[in-house]
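# Residue-level structure breakdown
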Amino acid sequence: LAATGGSREVVVLLDQSASMGYGDRWQRARDEARRVFASLNAGDRATLVLFGRNAEETIRATADRGRLEAALDAATLTSGGTRFGPALKLAESILSGSTLQRREAVLISDFQKTGWSGSEDVHFGEGLTLTPVSVATEAVVNVAVPSVTFARSTFSNQER
């Protein structure tokens, strides 16, 4: 159970993988992050972590909403895939080191299944809260092309 009352240490994990560029996912994801930043009270601190294949701490443990908003505005999508493990491990490390009473991570993603292998070995200890926020659209299904083969042939002295 998370503590109620007291200052919060919040880590916003924002998925910037290629799939977040589908439709309005990226805009909705950044809007969700802005909502978290708007909820900060005096004494609260927030960290913005951008992740795709790897996780990168963009702004660390600040109460400065202006800096958080600027980092969010500067964030861009990557062409890579999603891996949740590095982002969750970074959040766990930041939250475990915090002295604030309430420690929580907010994971904003479209939750691509390929982002989780099951071998990540991530453990949020007692008192740490993880809130998933999905920006996926229900009607969309994943489509993959497992392989492509190119073949050459000659027809009427022309290569195809």
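Just above, that's the structure.
In short, a report on the structure.

The rules behind the values
- Residues numbered from 1 in each chain as written.
- Predicted model: local features only at pLDDT ≥ 70, side-chain atom pairs only at ≥ 80, totals over all residues.
- Heavy atoms only, no water.
- Salt bridge = Lys/Arg side-chain N within 4 Å of Asp/Glu carboxyl O.
- Helix = DSSP H or I, 4+ residues; strand = E, 2+ residues; numbered from the N terminus.
- Buried < 20%, exposed > 50% of the residue type's maximum accessible area, 1.4 Å probe, protein only.
- Arc of directions from axis to C-beta.
- Contact = heavy atoms within 4.5 Å.
- Polar contact = N/O pair within 3.5 Å; in protein donor to acceptor, adjacent residues only side chain to side chain.
- Core = buried A, V, L, I, M, F, W, Y, C linked by side-chain atoms within 4.5 Å.
- Pairing = 2+ DSSP bridges.
- Axes fitted to C-alpha atoms, helices over the stretch in contact; angles between N-to-C directions.

The tally for this structure, following the rule as stated, stands at 10 salt bridges. With its nearest N and O atoms 2.5 Å apart, the salt bridge here joins Asp-73 to Arg-34. On the criterion of sequence distance, the pair formed by Asp-73 in helix H2 (residues 65-74) and Arg-34 in helix H1 (residues 25-38) is long-range, its members being 39 residues apart. Asp-73 sits in the partly exposed class, given a relative accessible area of 47%. Here Arg-34 falls in the partly exposed class, since its relative accessible area comes to 22%.

Bringing H2 into the picture now. Turning to H2, its buried residues are Leu-68, Ala-71 and Leu-72. Buried positions in H2, seen along its axis, are confined to an arc of 100 degrees and lie on one side of it. Where H2 is buried, its residues meet strand S1 (8-15), H1, strand S2 (45-51) and strand S3 (55-62). For H2, the side-chain oxygen to backbone nitrogen distance between the N-cap and Gly-66 is 2.9 Å, and the N-cap itself is Asp-64.

Residues Val-10, Val-12, Leu-14, Phe-37, Leu-48 and Ile-108 are the most contacted members of the largest nonpolar core, which totals 22 residues. Put simply, the parts of the chain that give this core at least two residues each are S1, H1, S2, H2 and strand S4 (102-109). Counting residues per element, this core draws most heavily on H1, which supplies 5 residues. Beyond its immediate sequence surroundings of up to four residues, Val-10 is in contact with Val-36, Leu-40, Arg-45, Ala-46, Thr-47, Glu-104 and Val-106. Core analysis: the second largest hydrophobic core is formed by 14 residues, Val-11, Phe-51, Leu-95 and Val-122 among them.

Below, the discussion takes up the sheet that holds S1. Spatial ordering of the open sheet is given by S3-S2-S1-S4-S5, a layout of 5 strands whose pairing is mixed. With partners counted over all chains shown, the strands left at the sheet margins are S3 and strand S5 (128-134), one partner each. Direction aside, the axes of adjacent strands within the sheet are offset by 15 degrees on average. Where S1 lies against S4, 7 bridges are found, and the strand directions are parallel. The residue of S4 that forms the bridge with Arg-8 is Arg-102. The sheet strands contacting H2 are S1, S2 and S3, and the helix crosses S3 at an angle near 160 degrees. In the packing of helix H3 (residues 84-96) onto the sheet, contacts are made with S1, S2, S3, S4 and S5, and the angle to S4 comes to roughly 160 degrees.

Time to look at the side chain of Ser-109. Structurally, Ser-109 can be placed in strand S4. The exposure class of Ser-109 is buried, given its relative accessible area of 0%. One polar contact links Ser-109 to Asp-15, side chain to side chain, over a distance of 2.7 Å. Of the polar contacts made by the side chain of Ser-109, one reaches the backbone nitrogen of Phe-111; its length is 2.8 Å. Leave out the neighbours within four places in its chain, and Ser-109 touches Asp-15, Met-20, Phe-84, Val-133, Ser-134, Val-135 and Ala-136.

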